[in-house]
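Structure at a glance
Here's the letter readout for the chains.
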Amino acid sequence: MTNQAAPRVYRTEALVLKGYDYGEADRILTLLTPHSGKMRAIAKGVRRTKSRMSGHLDLFTRSTLLIARGRQLDIVTQAETVENFRPMRGDLVRVSSAHYVAEILDEFSAENLPNYPLYALAIATLRQLGGDGDLDLTLRSFEMQSLAHTGYRPQLHRCLQCGTEIVPGQNRFSPKLGGILCPDCGMADSAAPPISVPALKLLRHLQTNPDGLRSLTSIPVVAKQEVEQRLQEYVTHRMEGRLRSVRFLEQVRADQS
Amino acid sequence: MSITAKPISRVVDELSRLPGIGPKTAQRLTYFLLRSPSEQSEALAEAILELKRNVVLCTECFNITDRSPCEVCSNPERDASRICVVEEPLDVVALERTGQYKGMYHVLHGAISPIEGIGPEELKIRELLYRVQQGEVEEIILATNPNLEGDATAMYLTRLLQVPGLTVTRLARGLPVGGDLEYADEVTLSNALAGRSQI
C-alpha cells in the first residue's frame, strides 16, 4: 500500500472574492479556484506597501498562486496576476456590480468542492462587466447561469405542480418552488407573483441562450425590471437572506440615472 | 475540573479575544503578568481603563483624540482650506510622520465594501459633506487605500463632491521606494507610467 502525503506546496489559479485584514499586515482571502472550489488562505504582509504580492491579490484579481499548506489556513507564498479586469475597475457601477457577482459566488460555492463551470462563468462575467454590453443583462445572465451551475436551475418550460407545458397566460413565478406555476396550479404557492409573457421569454432566453443576448435588440424596460425582481427573489430565497451588496448597487445606479 | 485557577483562566480568556493573540500567547502573557511586580499589572489595567474613559472622537475630523476638537483641528496654523480624507486614524499618524502636510484631516472609519455590507451610511461621509458645505474648503485630498475598496470609496466621494470651486485630488500611485520593478503588478506599473514626471 502506498501512502502518498499531499504536497506541502501547490500551485493553483484563483480569483480573489473577498478578504479581511488580519494581524499587523496580513489578509485572509476567500478564493475561488477552478479545480478546488472555494478556499481560504492567508497572505502574510500583503498590506505593506512594499509587499510583492499586494497588487496581485487585490479583490477580483485572477492570479496564479503558489500556496503552502498550513495547520489552520494555507499560506499564499507567491502570486502573479493573470487578469485584473481593469476596464471594470474604473467605474463605480461596474465595481459595485462586481461586488454583487462576488457575493453570489461566495454564497453559492462550497469549500473544496470543485465547480469549474462556475469559475469559468465568474471570469467571463467580470470580463463582460468591463465591456460595452448591457450591464443589467450581464448580471441577469450571471444570476441565471450561476443558479444552473449550483443545482438551482429554475423550471421555466413546464408547470412545477402538474407538469403541463407552459403557454402564454396568467402564469406565476414561484421562488419557493423554483419555477413557473400554470394558471390552474397558481394556488400551490399563493405568494408567487404573476409573470408577464415578455418577462418569461427573457428568462428562457437567459437560461438557454446567454451568449445570444447581444442579438436581443429591444427588450422592454418593464420586462427587464420584472426579470430582475423575480431573479433576485429567487436568489434571495435560495440564499435564505438578502444580498448585502444589492443596497449599494441600487444606490449607485439610482445616482447615475 | 480545570486545574487552572479561575483568575488565571479569566485573564487568558480576555486576552485571547484580542486580534492576533491565540490561546498560547494569551497564556504566556498571563503568566508573565503573574510573575511581574504588581505595579506593572496595575499600570496596565489603569492605562486600559483610561483608554476607554478619556478617548473620544474629534467632532470635526472624527480622529481618535483625548480632547475635542483634536490637536490638528484646533491648531490655527494648519491650513483649513485643505482636507485629507483617510480611512482609519492610523492613516493620519502615517501622513503626519511625513511632516509634509499642513492641512486638516477627515477620518471615514472604513471604506465602502458592499460585499461586507459596509455602505456610505456606515462611514463618516455625511459629516464630510457638512464640512465642505461650510464653504471654507478649497481642496479635498482623497487618501483612501490604493485597493478596490479604497478606489470605490474615492469614486463615490468624487461623485458627491462636485461642488463649484472645490478641487478633488487623489494621492499619486505607483512604485514604492525600495520596491522591485519585476514584482510590480500591471495596475501599479501602468499607474507609475501614467504618473511619470520629468527630472
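Residues numbered from 1 in each chain as written. Chains lettered and ligands numbered in written order. Predicted model: local features only at pLDDT ≥ 70, side-chain atom pairs only at ≥ 80, totals over all residues. Heavy atoms only, no water.

Next up on the list: the overall build of chain A. Scanning chain A for helices and strands turns up seven helices and seven strands. Written out in order from the N terminus, the α and β elements of chain A read β-β-β-β-β-α-α-α-α-β-β-α-α-α. In terms of its C-alpha atoms, chain A occupies a principal-axis envelope of roughly 60 × 55 × 30 Å. When burial is assessed residue by residue, chain A has 52% of its 257 residues classed as buried. Per element, the accessible surface of chain A, about 12800 Å² overall, is 47% carbon and sulfur. (Helix = DSSP H or I, 4+ residues; strand = E, 2+ residues; numbered from the N terminus. Buried < 20%, exposed > 50% of the residue type's maximum accessible area, 1.4 Å probe, protein only. Areas by Shrake-Rupley, 256 points an atom, 1.4 Å probe, with all protein chains shown as cover.)

Across its full length, chain B holds seven helices and six strands. Starting at the N terminus and ending at the C terminus, chain B contains elements arranged as α-α-α-β-β-β-α-β-α-β-α-β-α. Here the C-alpha atoms of chain B give a radius of gyration of 22 Å, more than 25% beyond the 16 Å that 2.2 N^0.38 yields for 199 residues. Judged by the C-alpha coordinates and their principal axes, chain B covers about 70 × 45 × 35 Å. Considering chain B as a whole, with its 199 residues, one finds that 34% of them fall into the buried category. Within chain B, residue pairs in contact and separated by at least 24 positions form 47% of the contacts whose partners lie at least 6 positions apart. (Rg over C-alpha atoms; globule rule 2.2 N^0.38 Å. Contact = heavy atoms within 4.5 Å.)

Let us now look at the interface of chain A and chain B. Taken together, the 32 residues of chain A in the interface contact 28 residues of chain B. Area buried by chain A at its contact with chain B is led by Arg52(A), Leu92(A) and Phe248(A), which between them contribute 21% of it. Here Arg52(A) makes a salt bridge to Asp180(B), at a shortest N to O gap of 3.6 Å. Where chain A packs against chain B, one counts nine residue pairs in polar contact (both at pLDDT 80 or more). Looking at the side of chain A that touches chain B, the elements that each hand over two or more residues are strand 1 (9-22), helix 1 (86-89), helix 2 (92-108) and helix 7 (245-256) of chain A. At seven residues, helix 7 of chain A tops the list of elements feeding residues into the side of chain A that touches chain B. (Buried area = accessible area lost by both parts, 1.4 Å probe. Salt bridge = Lys/Arg side-chain N within 4 Å of Asp/Glu carboxyl O. Polar contact = N/O pair within 3.5 Å; in protein donor to acceptor, adjacent residues only side chain to side chain.)

What follows is about the nonpolar core. With 105 residues, the main nonpolar core has Leu15(A), Leu57(A) and Ile140(B) as its most contacted residues. Counting residues per element, this core draws most heavily on helix 2 of chain A, which supplies ten residues. Setting aside residues no more than four positions away along its own chain, Ile140(B) makes contact with Ile83(B), Val85(B), Leu128(B), Val132(B), Leu161(B), Leu166(B), Thr167(B), Val168(B) and Thr169(B). (Core = buried A, V, L, I, M, F, W, Y, C linked by side-chain atoms within 4.5 Å.)

Let's shift gears to the packing of aromatic side chains. Under the counting rule described, the total for this entry stands at five aromatic pairs over all chains. Measuring from centroid to centroid gives 6.1 Å for Phe108(A) and Tyr152(A), while their planes differ by 55 degrees, and the two rings are tilted. Of this pair, Phe108(A) sits in helix 2 while Tyr152(A) is found in the loop between helix 4 (135-149) and strand 6 (172-174), placing the two residues 44 residues apart along the sequence. The exposure class assigned to Phe108(A) is buried, which follows from its relative accessible area of 12%. Measuring from ring centre to ring centre gives 5.8 Å for Phe248(A) and Tyr156(B), while their planes differ by 55 degrees; the resulting arrangement is tilted. Taken together, the residues Phe248(A) in helix 7 and Tyr156(B) in helix 6 (residues 148-160) connect one chain to another. Given a relative accessible area of 5%, Phe248(A) falls into the buried group. (Phe/Tyr/Trp six-rings, centres within 6.5 Å; stacked < 30°, edge-to-face > 60°.)

Residue and element names in this part refer to chain A. Viewed as axis vectors pointing N to C, helix 4 and helix 5 (residues 197-208) meet at an angle of 65 degrees, and their least axial separation amounts to 9 Å. As summarised for this structure, helix 4 and helix 5 are arranged roughly perpendicular, according to the angle between their axes. The element helix 4 and its partner helix 5 pack so that their crossing is right-handed. Within the contact between the two elements, helix 4 uses Leu 137, Arg 140, Ser 141, Met 144 and Gln 145 and helix 5 uses Leu 202, Leu 203, Leu 206 and Gln 207. Its residues assigned to classes, the contact of helix 4 with helix 5 shows five nonpolar, three polar and one charged. (Axes fitted to C-alpha atoms, helices over the stretch in contact; angles between N-to-C directions. Parallel < 35°, antiparallel > 145°, perpendicular 65-115°, else oblique. Left-handed = near helix turned anticlockwise from the far one by under 90°. Nonpolar A, V, L, I, M, F, W, Y, C, P; charged D, E, K, R; others polar.)

Residues and elements named next belong to chain A. Domain annotation of chain A identifies domain 1 (10-84) and domain 2 (88-256). Here the C-alpha centre of domain 2 lies 29 Å away from the C-alpha centre of domain 1. Both faces combined, the contact of domain 1 with domain 2 buries some 1800 Å², and carbon together with sulfur accounts for 58% of it. If you sort the residues of domain 1 by the area they bury against domain 2, Leu 32, Lys 38 and Phe 60 come out on top, with a joint share of 35%. Our count for the domain 1 to domain 2 interface comes out at four salt bridges. Residue Arg 89 pairs with Asp 58 through a salt bridge whose shortest N-O separation is 3.5 Å. (Domains from an automatic or database assignment.)

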